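# Architecture and fold: a report
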Amino acid sequence: MATRGPRSEKVRRIFNQFDANRDGGLNREEMASLVVAVNPRVKFSDEQISAILDEVFRTYSDFIDGEEKGLTYEGLLRTYDDGAGDVDRDFDALGLELNLDEKAPPVASEASSSSIVDERITVEAQKKQRTAAWAVSPNHGIVFDETWKIVDDLEILVKRLKMKQAKDGKFKGENFDAYSDAGWSRELGPSVEISEKRVYWEESGHDYAVFLKELAALRAKADGARSREEAFDGHMAIGRVLYEHQLFKEALVSFKRACELQPVDVRPHFRAGNCLYVLGRYKEAKEEFLLALESAEAGGSQWAYLLPQIYVNLGIAMEGEGMVLSACEYYREAAILCPTHFRALKLLGSALFGVGEYRAAVKALEEAIFMKPDYADAHCDLASALHAMGEDERAIEVFQKAIDLKPGHVDALYNLGGLYMDLGRFQRASEMYTRVLAVWPNHWRAQLNKAVSLLGAGETEEAKRALKEALKMTNRVELHDAISHLKQLQKKKTKGNGSISGEAAFVIVEPSKFKTVGDKTTVRQELANALQIRALQRITRLSRCNVELLKKEMSEHDVPVSYSGSGVPEKSIRKPNLEEILHRLLSFLKPETFQGAVKAINERILSVLDESGSGRVDLGMFLAILAPICGGLPERRRRIAFDALLWRPMNEDGANVKKADATLYIKLLRAVYVPSQGVSSELMEVQGDSDTSMVSFSEFLVMFDDPDWGFGIMPIVVKLETGDRNRHGNTVCSVCRYPIIGPRFKEVKSHFSLCSQCYSEGKVPSTFKQEEFKFKEYGSEGEAMKDKCMCFNLQSRNEK
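Residues numbered from 1 in each chain as written. Predicted model: local features only at pLDDT ≥ 70, side-chain atom pairs only at ≥ 80, totals over all residues. Heavy atoms only, no water.

For the protein, the name recorded in an unreviewed UniProt entry is EF-hand domain-containing protein, with Crotalaria pallida as its organism.

Structure representation (structure tokens):
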């Protein structure tokens, strides 16, 4: 990790540049000159300058040495530490040069192992210089002399442990330079960069056991201090040393003890939260950060400058749980409190991208990049958001900028590969995936995508080799299917229809020429809609959420009634609170999977329910919309959808719902799940409907099951739920050449078979010239075999 010496020296040079009267402080006039000079491209008005200075002088009041003198050097350093500016950018903007050979006066709050030596430094200061910069920080450092002795002893113990483990080959480090930085604040005061080297200690050996025993003795020494304040100081210092050496489990023990000694102090809660976050215990980390936030807000202006960092870390802990909508709220708070906090803006942009709010994400990420032009992670996420919005050429440029800033940036390389794949530039895509694998050799998804891109480029043999490499990395079933697909291609040696190499030449037939045989065969357009709904079920995993949980949610968690702009009472709820409900319903999901579920729900459902963008959603209507795609018997799904409408304030008579309310529900249901049949104008009509007549559950079912105006597609969705993983032996689709999984559609005259996707898109092999095509659907290989045997028996009888 880079030392703070050169950085603090740059801040000192900037400070000296504008401390015109050499009184050791920057008054308002000098600060105004600094702000203008380091932002040459920005035209500030007098009001803007005044507002910025008011904020600085209020937030850093502890570092103001009287109105005449103004902000001290330590105060300016703290503003940079808190993310209020970029030291390197400002230093370069001022045209300053750094000559580390020059002697400089010591700065008490910045003493570190690499501090500049001065002959006037006392013996006591020399002792303090052996320790990290935090130890002598005015607000966060060591207070009592006895604590210094404990720290010195602990440093010796850690050094001894490191030497023994290094000798035995047990001390390991991993370089994280290739990956996106989480962007979280490690410290309360100086928010220095997290170390690029993650250290892994061997905790099972004899050496570590001896270390723990000696550490326990130091903790006992801290507990035996003369006062509670001194004991607190000792445990905080022990925790800080352990944390600096990445002994996070042991640091957590010390910070927890400090929390017990001074429960309302911000610092131990914040640092305990940091330890828990690194250890992957996100829920506990969130709880500690909330306690830190509570203490900081109760402490008034004393801790005001720490609030942005607490909000940022709280947001990141929420993201660790998959709660991205909630994280957005905290990042916004941090950015409001500190408008120049580029990390908060980057994190906000990334989180907005994560929930599908692409335009807002682009805006936040562009602001972060404006403040810190060399922010590779922000460029990477900006490019991803631009790609999602269809601005592909600009996205390529921004991805390339991220890679120029950090050549081994895995996320940027991988996502750029995906963009090239989407554009059909398969050779370029394979080059990107090759570069990913050079940095991260066991990235199986990059290996699989490389194989697909090589296939798209027509390099079948290379694709086959890449697939086999991917198979060595992971034994996932889709890789077996891909290899089977390649074998089919080698047999057929077919060329695509101007699209993907290997797909058989096909034509798209108009819907009227697609006929069905028997009542059980699904109509093509209905299947297309059902497949989209089933895809949403898979992404959100709602089919694994029993619909009875929605009923439980309504009965156990009351929501206060509010009034919409039209004066209609409703149980409305903010999106972050709605996310908490989803977290309970989908508690079985891993955080990253839950995040994907929330994104899909936000894009497909919340965008329809909150068309005005107010950030609030009618909870009863939301639960009613979810019910049909949750798990459980179809009749229970319908019943609980009706119960959710009954639960709304305007329908609380216990048995019937307003017809206008039921009609609005059906229209919203179709707008969410069958968007191809546009109903926005119909929604406007329904929302203005003053019909006060009521409908019973039986009447509601008639509306719900109507095949043309209701949700009559539900039986097809249920059929897909039970059979869309069925395999049909070695049968492959005659168009895409992949093994058929799910429904199989066989053409009764020409005997070719289609998978559900190709059938829903109306694709047939171009070798078959027919006026119309008749298909019969088989749910399983057994059904097809049974039908084949019946045809064979019937043919035998006819021959007799």
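The rest of the description comes next.
Per the secondary structure count, the protein includes 36 helices and 16 strands. Taken across its 800 residues, the protein has 50% of its residues classed as buried. Here the protein displays about 37,700 Å² of accessible surface, and carbon together with sulfur accounts for 52% of that area. (Helix = DSSP H or I, 4+ residues; strand = E, 2+ residues; numbered from the N terminus. Buried < 20%, exposed > 50% of the residue type's maximum accessible area, 1.4 Å probe, protein only. Areas by Shrake-Rupley, 256 points an atom, 1.4 Å probe, with all protein chains shown as cover.)

Here we take up the environment of Tyr277. With respect to the element layout, Tyr277 can be found in helix α12 (residues 266-278). Separated by 39 residues in sequence, Tyr277 and Ile316 place their C-alpha atoms 8.7 Å apart.

A word on the nonpolar core. Here is a general trend for soluble globular proteins: nonpolar side chains tend to be buried in one another's company. Counting residues in each nonpolar core, the largest one holds 208 residues, and the members touching the most others are Phe211, Phe622, Ile625, Tyr665 and Tyr673. If near-sequence neighbours (up to four positions away) are discounted, Phe211 is found in contact with Leu154, Leu157, Val158, Leu161, Leu242 and Leu247. Counting eight residues, the second-largest nonpolar core is a separate cluster that includes Trp444, Leu455, Ala466 and Leu467. (Core = buried A, V, L, I, M, F, W, Y, C linked by side-chain atoms within 4.5 Å. Contact = heavy atoms within 4.5 Å.)

Let us now look at the side chain of Lys763. With respect to the helices and strands, the residue Lys763 is situated in strand β15 (residues 763-765). Given a relative accessible area of 12%, Lys763 falls into the buried group. Here the side chain of Lys763 touches Glu761 through a polar contact of 3.1 Å, side chain to side chain. (Polar contact = N/O pair within 3.5 Å; in protein donor to acceptor, adjacent residues only side chain to side chain.)

The contact between helix α26 (residues 548-556) and helix α27 (residues 575-585) brings their axes to 10 Å, and the two run at 130°. Judged by the angle between their axes, α26 and α27 are oblique. The way α26 lies across α27 gives a crossing that is right-handed. Here Leu549, Leu550 and Glu553 of α26 come into contact with α27, specifically with Ile581, Arg584 and Leu585. Tallied by class, the residues present in the contact of α26 with α27 amount to four nonpolar, no polar and two charged. (Axes fitted to C-alpha atoms, helices over the stretch in contact; angles between N-to-C directions. Parallel < 35°, antiparallel > 145°, perpendicular 65-115°, else oblique. Left-handed = near helix turned anticlockwise from the far one by under 90°. Nonpolar A, V, L, I, M, F, W, Y, C, P; charged D, E, K, R; others polar.)

All chains considered together, the criterion is met by 38 salt bridges. The salt bridge partner of Arg648 is Asp661, with a shortest N-O separation of 2.2 Å. Note that Arg648 is positioned in the loop between α30 (634-647) and β9 (657-658) and Asp661 in helix α31 (residues 659-673), a separation of 13 residues in sequence. A single burial state applies to Arg648 and to Asp661, both of which are buried. A salt bridge links Lys763 to Glu761; its shortest N-O distance comes to 3.1 Å. The partly exposed category is assigned to Glu761, whose relative accessible area is 32%. (Salt bridge = Lys/Arg side-chain N within 4 Å of Asp/Glu carboxyl O.)

Reading across the sheet, the four strands line up as β4-β16-β13-β14 and stay open at both edges, with mixed pairing between neighbours. At either margin of the open sheet sits one strand with a lone partner, and together these are β4 (514-516) and β14 (753-755). The mean inter-strand angle of the sheet, taken between neighbouring strand axes irrespective of direction, is 35°. As paired strands, strand β13 (residues 744-747) and β14 are joined by three bridges and run antiparallel to one another. (Pairing = 2+ DSSP bridges.)

What follows deals with the pairing of strand β16 (residues 773-778). The side chains of a regular strand alternate between both faces of the sheet. Examined bridge by bridge, β4 and β16 share three bridges and lie parallel to one another. When the bridges of β16 are listed, Lys515 appears paired with Lys774. Bridge count for β13 against β16 is four bridges, and the pairing is antiparallel. Its bridge partner being in β16, Phe745 is matched across the sheet by Glu777.

Right, let's talk about the packing of helix α9 (residues 206-223) against helix α10 (residues 228-244) for a bit. In helix packing, the relevant descriptors are the interaxial angle and the interaxial distance, both defined with respect to the helix axes. Running from amino to carboxyl end, α9 crosses α10 at an angle of 150°, the nearest separation of the two axes being 8 Å. In this view, α9 runs roughly antiparallel relative to α10, as classed from their interaxial angle. Facing Phe211, Leu215, Leu218, Arg219, Ala222 and Asp223 of α9, the residues of α10 in contact are Ala231, Gly234, His235, Ile238 and Leu242. Split into classes, the residues belonging to the contact of α9 with α10 amount to seven nonpolar, two polar and two charged.

Positive phi, close to 55°, is recorded for Arg22, a residue that is not glycine. Position of Arg22 among the secondary structure elements: in the loop between α1 (5-18) and α2 (28-38). For Arg22, a relative accessible area of 58% puts it in the exposed group. A positive phi angle, close to 60°, is found at Arg541, a residue other than glycine.

This brings us to the packing of aromatic side chains. Scanning the entire structure with this criterion turns up 24 aromatic pairs. Between the aromatic rings of Phe514 and Phe773, the centroid separation amounts to 6.4 Å while the plane-to-plane angle is 55°, which identifies the pairing as tilted. Taken together, the residues Phe514 in strand β4 and Phe773 in strand β16 connect sequence positions 259 residues apart. We note that Phe514, like Phe773, is buried. A centroid spacing of 4.9 Å and a plane angle of 40° characterise the contact between Phe514 and Phe775, whose relative ring orientation is tilted. Taken together, the positions of Phe514 in strand β4 and Phe775 in strand β16 put the pair 261 residues apart, joining distant regions of the chain. You'll find Phe514 and Phe775 in the same group, each marked buried. Its end group placed over the ring of Phe353, Lys599 keeps NZ or CZ at 5.3 Å from the ring centre. (Phe/Tyr/Trp six-rings, centres within 6.5 Å; stacked < 30°, edge-to-face > 60°. Lys NZ or Arg CZ within 6 Å of the ring centre and 35° of its normal.)

To continue, consider the environment of Ala627. In this fold, Ala627 is placed in the loop between α29 (619-626) and α30. The class for Ala627 is buried, based on a relative accessible area of 0%. Remark: the alpha-carbon pair of Ala627 and Ala641, spanning 14 residues in sequence, is separated by 5.4 Å. When sequence neighbours within four positions are dropped, the list of residues in contact with Ala627 reads Val547, Leu550, Arg637, Ile640 and Ala641.

Turning our eyes to something else, we now look at the confidence of the model for the protein. The predicted model of the protein has a mean per-residue pLDDT of 83, with 81% of residues at 70 or higher. Within the model, the stretch residues 175-179 combines pLDDT values under 50 with 13 contacts to residues more than four positions away or in other chains. (pLDDT = per-residue confidence, 0-100.)

Now for α9. Here α9 contains 18 residues, and its C-alpha end-to-end distance of 26 Å stays within 8% of the 26 Å for a straight helix at 1.5 Å per residue. Tyr208, Phe211, Leu215, Leu218, Arg219 and Ala222 are the residues of α9 that are buried. One side of α9 holds all its buried residues, which, seen down the axis, span an arc of 100°. Away from its buried face by more than 90 degrees, α9 exposes His206 and Lys213. Looking at the packing, one finds that the buried side of α9 touches α8 (145-167), α10 and α11 (248-261). (Expected span 1.5 Å × (residues − 1). Arc of directions from axis to C-beta.)

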